[in-house]
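Analysis of the macromolecular model
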Amino acid sequence: MKILGVDTGAKQYPIYIDNSFSSLADAFEKAGLKGRKMCIVTDSNVAPLYAESVKDLLADVCADISLCVFTAGENSKNLDTISDFYKFFVENHLDRRSVLIALGGGVVGDMCGFGAATYMRGIPFVQIPTTLLSQVDSSVGGKTGVDFMGNKNMVGAFYQPELVYINTDTLNTLPYREVAAGLAESVKHGYIQDTEYLKFFMDNKESIKALDSEAISRVVYGSCKVKSYVVSKDEKESGLREILNFGHTFGHAVESLSGFDMLHGECVAVGMLAALYLSMKRGAVDPKDIDEAKALMEYFELPVNIEGFDTDRIYAQMFNDKKTKNGVINITALRKIGDAYTEKGCTEREIKDAIEFIIK
Ligand SMILES: NC(=O)c1ccc[n+]([C@@H]2O[C@H](COP(=O)([O-])OP(=O)(O)OC[C@H]3O[C@@H](n4cnc5c(N)ncnc54)[C@H](O)[C@@H]3O)[C@@H](O)[C@H]2O)c1
Ligand SMILES: [Zn+2]
C-alpha cells in the first residue's frame, strides 16, 4: 500500500492506494472516525458489488452504518437526488458528527461530497472511488456538485474529504470503456507535469491495459501525485490548477456537441491531441510526440479523431466554456512535454487549425 497526502493549508488528508480493502478500517480509525454513525452513499451498480463488503469491513469501527442508494448515471446528478439524500439523512438521524462515505465513481463522489458540504452546514465525508476516473481524478481535490438545467457541475462547493481510500482491485468489475476514459485523464497528468510517469505509460501500456495490479497501482499513484500536488498549491483554481484543463477546452466543446454520447475521458483524449498539435505548431513539442500520443490513445481504444463535427461550431462552443473569461479562450498548452501553462493569446486561426487536426 502507498500513501500520499493533500495539504490545502486549511485541510490535510491522506490518499491510500491499495489493491484490497484490508486497511480500510485502520484508515478510518487513524482519521479519528471510529465510533461515529456512518452512511454509505452509492449507486445502483456499485451497491450490489461492494456495499456489503465495505459495511462488513467497517463493522469494527462503526456499529451503525446505513446505506443510501440512487440510480446510477449522470442523469441522477441533480438537486432532486440531493434532496432525497437529505430526507434519508434526516430519517436516519445523521448529525454533525456523522460520516458520509462516497462509494462509487465520480457521480457518487461529486454528489455525496456536495451532500456532505451542505447537510447541517457541513459534515465529514470519505471518498472510496471505484472507477479509474474517480481514482485518478475526481476523488482528489475537493470539487463537489451537481448538474443544473443541462449545465454540468453548475451548482457545487469546494469541500475536502477526511480521507480517500483507493482499492484498485475494484477496477476489475468496471467495463473497459470506462477504464480507458480514466486512462485518458491519467495520461494527461504525465503530459502536464511528469515525463517519467508518461514514459512509464509508453513503456508499460500492455500491462496497464490488462489492469495488472502493480502497473495500475503505479498509474493511480502517479496521477494522484500530480493531482494532489496541484490542488495542494491551488485549491480553488486561481492559477496552477488550470493546467489540469489540458485537453479540456477542446474536449468540453466536443462533449457538449456530441450530446454527451462520448464519455468525458474520450473527449479529453481527442482534446489533448488538439492541444498537442497547437503546442507543436508553436514549436514547443515535436511532431513525433504527437505520433506517440496518438499511438498510445489508439492502443487504449480511445478516439483520436471525431466524425461529423464542424470546425466553426466547435470553435463557437469553446466560447461557452466556464473557463473562457472576457471572451478570451484560455488554452492549456505545453511549453514542453511535462510542462503545461495557460495560453491566453491564441489566434482564431491557430485554434481552428488544431480543431481541424482532430476532425476526420
Ligand atoms: N470533482 C472533480 O474534480 C471531477 C473531475 C472529473 C470528473 N468529475 C465528474 O465525475 C463524473 C464521472 O465520473 P465516472 O466516470 O466515475 O462516472 P460514474 O460515476 O457515472 O461511473 C461510471 C459507471 O461505472 C459504474 N461503476 C462505478 N464503479 C464501478 C465498478 N467498480 N464496477 C462496475 N461498475 C462501476 C457506475 O455505476 C456508472 O455506471 C462526472 O459527473 C464528472 O463531472 C468530477
Ligand atoms: Zn476531465
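This one's a predicted model, so the numbers in the text were calculated from it and none came from an experiment. (Residues numbered from 1 in each chain as written. Chains lettered and ligands numbered in written order. Predicted model: local features only at pLDDT ≥ 70, side-chain atom pairs only at ≥ 80, totals over all residues.)

Core analysis: the largest hydrophobic core is formed by 108 residues, its most contacted members being Val41, Leu100, Ile101, Ala102, Leu103 and Ala274. In this structure, this core is formed jointly by two domains, domain 1 (2-173) and domain 2 (176-358), each of which donates at least three residues. The residues contacting Leu100, other than those within four sequence positions of it, are Cys39, Val41, Cys112, Gly115, Ala116, Ile123 and Phe125. (Core = buried A, V, L, I, M, F, W, Y, C linked by C-beta atoms within 7 Å. Buried ≥ 20, exposed ≤ 12 C-beta atoms within 10 Å, placed from the backbone. Domains from an automatic or database assignment. Contact = placed C-beta atoms within 7 Å.)

Pairing in this open sheet of seven strands is mixed, and the strands run S1-S2-S9-S6-S5-S3-S4 from one edge to the other. Only two strands of the sheet have a single partner each, and these edge strands are strand S1 (2-7) and strand S4 (65-70). Strand after strand, the sheet turns through a mean of 20 degrees between neighbouring axes, direction not considered. The sheet contact formed by strand S3 (residues 38-43) and strand S5 (residues 99-104) spans five bridges and is parallel. (Pairing = 2+ DSSP bridges. Helix = DSSP H or I, 4+ residues; strand = E, 2+ residues; numbered from the N terminus. Axes fitted to C-alpha atoms, helices over the stretch in contact; angles between N-to-C directions.)

This part takes up the site of ligand 1. Close to ligand 1 lie 28 residues; Asn45, Gly105, Gly106, Thr131 and Ser138 are nearest. Those elements that provide at least two residues to the shell around ligand 1 are helix H2 (46-57), helix H4 (106-118), helix H5 (132-138) and strand S8 (151-158). Across the shell around ligand 1, the residue classes tally to seven nonpolar, 13 polar and eight charged. (Near = placed C-beta within 6 Å. Nonpolar A, V, L, I, M, F, W, Y, C, P; charged D, E, K, R; others polar.)

What follows covers helix H14 (residues 348-358). Among the residues of H14, Ile351, Ala354, Ile355 and Ile358 are the ones counted as buried. The arc that holds every buried residue of H14, seen down its axis, measures 100 degrees, which confines them to one face. Of the exposed residues in H14, the ones pointing more than 90 degrees away from its buried face are Arg349 and Glu356. Those residues of H14 that are buried are in contact with helix H10 (248-257), helix H11 (264-281) and helix H13 (311-318). (Arc of directions from axis to C-beta.)

By domain assignment, the chain separates into domain 1 (2-173) and domain 2 (176-358). Of note, the centres of domain 1 and domain 2, computed from C-alpha atoms alone, are 27 Å apart. Across the boundary between the two partners, domain 1 contributes 23 residues, which contact 23 residues of domain 2. Contributing elements (two or more residues each) for the side of domain 1 that touches domain 2: S1, strand S2 (12-18) and H5. Residues of the side of domain 1 that touches domain 2, tallied by class, amount to 11 nonpolar, nine polar and three charged.

What follows concerns the packing of H13 against H14. In contact at an axis separation of 10 Å, H13 and H14 are set at 125 degrees when each is read in the N-to-C sense. With respect to H14, the axis of H13 lies oblique. For the element pair H13 and H14, the recorded crossing hand is right-handed. Touching Thr311, Ile314 and Tyr315 of H13 are Ile351, Lys352, Ile355 and Glu356, all from H14. Taken together, the residues of the contact of H13 with H14 break down into four nonpolar, one polar and two charged. (Parallel < 35°, antiparallel > 145°, perpendicular 65-115°, else oblique. Left-handed = near helix turned anticlockwise from the far one by under 90°.)

Next up on the list: unusual backbone geometry. One non-glycine residue, Met120, lies in the positive phi region at around 50 degrees. Tracing the sequence through the fold places Met120 in the loop between H4 and strand S6 (125-129). Assessed through the 14 C-beta atoms surrounding it within 10 Å, Met120 is described here as partly exposed. Notably, Arg121 is not glycine yet its phi reads approximately 60 degrees, a positive angle. Relative to the helices and strands, Arg121 is located in the loop between H4 and S6. Of the residues examined, Arg121 has 7 C-beta atoms within 10 Å and is grouped as exposed.

Along the chain, Gly222 turns up in helix H9 (residues 213-233). Separated by 86 residues in the primary sequence, Gly222 and Gly308 place their C-alpha atoms 35 Å from one another. Sequence-distant contacts of Gly222, that is, excluding residues within four places in its chain, are made with His189, Asp194, Tyr197 and Phe200.

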